[in-house]
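Chain by chain, the residues:
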Amino acid sequence: MAIASRLKHHLDAKGLPFDMLAHAYTATAGESAEMAHVPGSQLAKSVLIHMEDTPFVAVVPSHMRVDLHQLQTLMHRRIGLAPEEEVAEVFEDCEIGAAPPVGVAYGVPTVIDKSMMGLDEVWFEAGDHRTLVHMRGRHFDRLMSDAKLGSFCCLH
């Protein structure tokens, strides 16, 4: 099991308890939820969004997708999905497609869909395609306390 170094450092600095769950290789957050036998509604998926001045992380449940129109309205800025090169640059210690939802650990702001807050338990990618971080929902809520909240997810 591997956890990205910047994520581990941030979690340790926050002093929030977490554990790790190993699973077979998966390519998407939805597949990770299925393989690890966790509800898709409780697995936080990260999407890097490109904005004119800085990228940011949008966080939604793994079985949902980011509604870019809704998110653009929330942010009051023109946005788009970040290209893979930008994702690799921001999350340099993570595998592409396995970025954690904790943008602050990577120096970028985070916007989280309200549906990910107030849950009993939450899982999210640890930085590779074989490991999830698991924490109690109240600890995840504290971890994400600096994130902007909004409603911007929709079904695939």
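Now for a quick tour of the structure. (Residues numbered from 1 in each chain as written. Predicted model: local features only at pLDDT ≥ 70, side-chain atom pairs only at ≥ 80, totals over all residues. Heavy atoms only, no water.)

1. Looking at the nonpolar core
The biggest cluster of nonpolar side chains holds 29 residues, and the ones touching the most others in it are Leu 7, Phe 91, Tyr 106, Phe 124, Phe 140, Leu 143 and Met 144. Counting residues per element, the ones that place at least two in this core are helix H1 (5-14), strand E2 (43-51), strand E3 (56-61), helix H4 (84-90), strand E7 (121-125), strand E8 (131-136) and helix H5 (137-143). Excluding its chain neighbours within four sequence positions, the residues that come into contact with Leu 7 are Asp 93, Pro 100, Val 102, Ala 105, Tyr 106, Phe 124, Glu 125, Ala 126 and Val 133. Of all hydrophobic cores here, the second largest spans twelve residues; its members include Val 47, Met 51, Leu 71 and Ile 79. (Core = buried A, V, L, I, M, F, W, Y, C linked by side-chain atoms within 4.5 Å. Buried < 20%, exposed > 50% of the residue type's maximum accessible area, 1.4 Å probe, protein only. Helix = DSSP H or I, 4+ residues; strand = E, 2+ residues; numbered from the N terminus. Contact = heavy atoms within 4.5 Å.)

2. A short note on unusual backbone geometry
Backbone geometry follows two general trends: most residues other than glycine have a negative phi, and most peptide bonds adopt the trans configuration. A positive phi angle, near 60 degrees, is found at His 37, a position not held by glycine. With respect to the secondary-structure elements, His 37 resides in the loop between helix H2 (29-36) and E2. For His 37, a relative accessible area of 72% corresponds to the exposed category. The residue His 76 is not glycine, and still its phi comes out positive at about 60 degrees. Note on placement: His 76 falls in the loop between helix H3 (68-75) and strand E5 (79-81).

3. Overview of the packing of aromatic side chains
The tally for this structure, following the rule as stated, stands at two aromatic pairs. Geometrically, the ring pair formed by Phe 91 and Tyr 106 is tilted, given 4.7 Å between the ring centres and 55 degrees between the ring planes. In this pair, Phe 91 is assigned in the loop between H4 and strand E6 (110-113) and Tyr 106 in the loop between H4 and E6, connecting sequence segments 15 residues apart. With respect to class, Phe 91 is no different from Tyr 106; both count as buried. Measuring from centroid to centroid gives 5.9 Å for Phe 124 and Phe 140, while their planes differ by 45 degrees, and the two rings are tilted. In this pair, Phe 124 sits in strand E7 while Phe 140 sits in helix H5, placing the two residues 16 residues apart along the sequence. Neither residue differs from the other here; Phe 124 and Phe 140 are each classed as buried. (Phe/Tyr/Trp six-rings, centres within 6.5 Å; stacked < 30°, edge-to-face > 60°.)

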